[in-house]
Amino acid sequence: MAGGAIVNTRGGKDYPGKLTLFVFLTCVVAATGGLIFGYDIGISGGVTSMDSFLEKFFPEVYRKEKSDKSTNQYCKFDSQLLTTFTSSLYLAALIASFFASTVTRTFGRKWSMFGGGLVFLIGAALNGAAKNVLMLILGRILLGVGVGFANQSVPVYLSEMAPARLRGMLNIGFQLMITIGILAANLINYGTSKIEGGWGWRVSLALAAVPAGIISLGALFLPDTPNSLIERGHPEEAKHMLRRIRGTDDIDEEYDDLVAASQESNRVKHPWANIVKRKYRPQLTMTILIPFFQQLTGINVIMFYAPVLFKTIGFGDDASLMSAVITGLVNVFATFVSIFTADKLGRRKLFLQGGCQMLVCQIIVGTLIAIKFGTSGEGHFSKAYAAFVVLFICVYVAGFAWSWGPLGWLVPSEIFPLEIRSAGQSINVSVNMLFTFVIAQAFLAMLCHMKFGLFYFFGGWVLIMTIFIALFLPETKNVPIEEMILVWKAHWFWGKFIADDDIHVGNVEMGIDRSKIYA
Ligand code: BGC
């Protein structure tokens, strides 16, 4: 047996090596890819509520909004045109992530990140300088392409670079950057909305160039992952890189397993045709359902519409922007909980705990709103009552921030075998973007029809997804990424989909069938 693999706490493989400064820094730089996504989530809601922006680009919407005299708090003025503008980005990202799959597989993960950053940069410039709606929309599409490429490549990059036992921590850097991007955008909107002269929105949109510059420049200095180097036929470079990132010469065993995975991968010429094979059914199911469920938690109702929501429950303009900043802060800090626990407690415990916490908060918030607004939507919150609602929204956001937020990106990036990893991640990104789009588009109409029941609606989904995780998601903490098939094989339900000869050398050595170990 090559190298000195030792046995980890669950009896599986644990390759030698430590967390080197080099791998830590590369992961920090790569994770900044999350900033562009986060910045965009946070910036558009605020910008589209600025009068000067509406007056310039959507005068019709502006006029209608000003003449809206409805007192029904549930059915505020709703413009599909305006929400389409906001959510067009997610459609562009959805399509781009499929192209990103080929770039990521053929040229390496770093070029997808670089390309994504660069296109986002051009989009930011177009938006900041926009003179008409065409420039705005073109800009949005380019931003979407950037997000599609970054979200496709960054999580995979992080999961491949990280040593198995710290994969959770390093991968969640991506989610941390998303939350920092959202918070920065909220703060910037807060500042630019005060600029007199009506050009504050330009500053908000143009500042997207900052995170784009960071990831584009950073990507140039990033090394490629050993997995990708082997996959693209550079074995010596891969060996060298593995030594460097693990901080030891004792890498033979891990290297051999990567080569075995790559040989397997080379047999697959068409990842898209392969991914639908029976043996990949567990991963395919997860990469569709996890992002779908992540969006059905209802988190983006808060991220996109927090200022509107807080205004609805009786806060003034300033106070509602401030409350968005508060939920943004909670989002960032609660993410650290998952950074420090995902590799110790495991993914399942966080999913289950976070799910229960969100569910309880959704029931409470729905009920608090029902008590005051009933079904008519007429009513008013006292300051203390509104503060109470905000408190439970914060507890809900915290639950998301240490469960479905980070794990929605981590788990799909770590469960696929190399040959279909890029394709699998594209599906993850596109399902995520599709439902981000659907919810952004439908929220205002849903609130108008379902009223306080909207919170129960999302609560119902959280209940379903929590049960789903309990039954169908095996624990993946500490398992080397190229050994993940053994975890599926050992699962009570998914095991049936994987035949014994789907498991090859590298997974099973010296007659030891490690699927027993992960059982
Ligand atoms: C989700 C986003 C969400 C963000 C909130 C991400 O994981 O994909 O849709 O807005 O978390 O922090």
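Worth saying up front: this structure is predicted, and the values here are computed from it rather than measured.

## Considering the site of the ligand
Point 1. Within the structure, the ligand sits among 14 residues, and Gln175, Gln294, Gln295, Asn300 and Asn331 are positioned closest to it.
Point 2. Within the side chain of Gln294, an N or O atom sits 2.9 Å from an oxygen atom of the ligand.
Point 3. Trp409 is positioned such that a nitrogen or oxygen atom in its side chain is 3.0 Å from an oxygen atom of the ligand.
Point 4. Bound to the protein, the ligand loses 100% of the 310 Å² it would expose on its own.
Point 5. Mapped onto the shell around the ligand, the elements with two or more residues apiece are helix H2 (33–47), helix H8 (167–192), helix H15 (281–296), helix H16 (299–312) and helix H20 (404–414).
Point 6. Here the shell around the ligand gets three residues from one element, more than from any other, and that element is H8.

## Focus on the pattern of salt bridges
Point 1. Scanning the model with the defined rule gives 16 salt bridges in all.
Point 2. Linking Glu231 and Arg109 is a salt bridge whose minimum nitrogen-to-oxygen distance equals 3.5 Å. With Glu231 in helix H11 (residues 226–231) and Arg109 in helix H6 (residues 109–128), this pair connects stretches of sequence that are 122 residues apart. Each member of the pair, Glu231 as well as Arg109, is classed as buried.
Point 3. Its salt-bridge partner being Glu414, residue Arg347 comes within 2.8 Å of it at the nearest N-O pair. With Arg347 in helix H18 (residues 347–373) and Glu414 in helix H20, this residue pair connects regions lying 67 residues apart in the sequence.

## A look at the nonpolar core
Point 1. By size, the foremost hydrophobic cluster in this structure holds 152 residues, and its most contacted members are Phe53, Phe58, Met286, Trp404 and Met433.
Point 2. Contacts of Trp404, omitting those with residues within four sequence positions, involve Ile290, Phe293, Gln294, Thr297, Phe351, Met358, Met465 and Ile469.

## Focus on the packing of aromatic side chains
Point 1. Under the counting rule described, the total for this entry stands at 29 aromatic pairs.
Point 2. With centroids separated by 5.7 Å and ring planes inclined at 85°, the aromatic side chains of Trp111 and Phe114 adopt a geometry described as edge-to-face. Highlighted residues: Trp111 and Phe114, both in helix H6, separated by three residues, approximately one helical turn.
Point 3. Judged by centre distance (6.5 Å) and plane angle (80°), the ring pair of Trp488 and Trp494 falls under edge-to-face.
Point 4. Against the face of Trp111 rests Lys110, its NZ or CZ located 5.1 Å from the ring centre.

## Section: a nonpolar patch on the surface
Point 1. Taken together, the side chains of Leu19, Leu21, Phe24, Leu25 and Val28 make up a nonpolar region of the molecular surface, amounting to roughly 430 Å² of accessible area.
Point 2. With respect to the helices and strands, Phe24 occurs in helix H1 (residues 21–31).

## Brief notes about the side chain of Thr476
Point 1. By the secondary structure assignment, Thr476 is in the loop between helix H22 (453–472) and helix H23 (484–489).
Point 2. When neighbours within four sequence positions are excluded, Thr476 is seen to be in contact with Arg167, Arg347, Glu414, Ile415 and Met484.

## Let's talk about helix H12 (residues 235–246)
Think of an α-helix as 3.6 residues a turn; residues three or four steps apart then line up on the same face.
Point 1. Its twelve residues place the ends of H12 16 Å apart at the C-alpha level, agreeing with the 16 Å of an ideal helix rising 1.5 Å per residue.
Point 2. Every buried residue of H12 is listed here: Ala238, Met241, Leu242, Ile245 and Arg246. Looking straight down H12, one finds that the buried residues subtend no more than 115° of arc, so they occupy a single side.
Point 3. Those residues of H12 hidden inside the fold are in contact with H1, helix H7 (133–161), H11 and helix H13 (252–266).
Point 4. A positive phi of about 65° marks Gly247, the residue just after H12.

## A few points about the packing of helix H5 (residues 80–107) against H7
Point 1. In the contact formed by H5 and H7, the axes pass within 6 Å of each other and the chain directions differ by 45°. In terms of their interaxial angle, H5 and H7 are classed as oblique. Seen from above, H5 lies across H7 with right-handed handedness.
Point 2. Split into classes, the residues belonging to the contact of H5 with H7 amount to 15 nonpolar, nine polar and one charged.

Criteria and thresholds
Residues numbered from 1 in each chain as written. Predicted model: local features only at pLDDT ≥ 70, side-chain atom pairs only at ≥ 80, totals over all residues. Heavy atoms only, no water. Near = heavy atom within 4 Å. Polar contact = N/O pair within 3.5 Å; in protein donor to acceptor, adjacent residues only side chain to side chain. Areas by Shrake-Rupley, 256 points an atom, 1.4 Å probe, with all protein chains shown as cover. Helix = DSSP H or I, 4+ residues; strand = E, 2+ residues; numbered from the N terminus. Salt bridge = Lys/Arg side-chain N within 4 Å of Asp/Glu carboxyl O. Buried < 20%, exposed > 50% of the residue type's maximum accessible area, 1.4 Å probe, protein only. Core = buried A, V, L, I, M, F, W, Y, C linked by side-chain atoms within 4.5 Å. Contact = heavy atoms within 4.5 Å. Phe/Tyr/Trp six-rings, centres within 6.5 Å; stacked < 30°, edge-to-face > 60°. Lys NZ or Arg CZ within 6 Å of the ring centre and 35° of its normal. Patch = residues over 30% accessible without salt bridge, like charges linked within 9 Å, V, L, I, M, F, W, Y side chains within 5 Å. Expected span 1.5 Å × (residues − 1). Arc of directions from axis to C-beta. Axes fitted to C-alpha atoms, helices over the stretch in contact; angles between N-to-C directions. Parallel < 35°, antiparallel > 145°, perpendicular 65-115°, else oblique. Left-handed = near helix turned anticlockwise from the far one by under 90°. Nonpolar A, V, L, I, M, F, W, Y, C, P; charged D, E, K, R; others polar.

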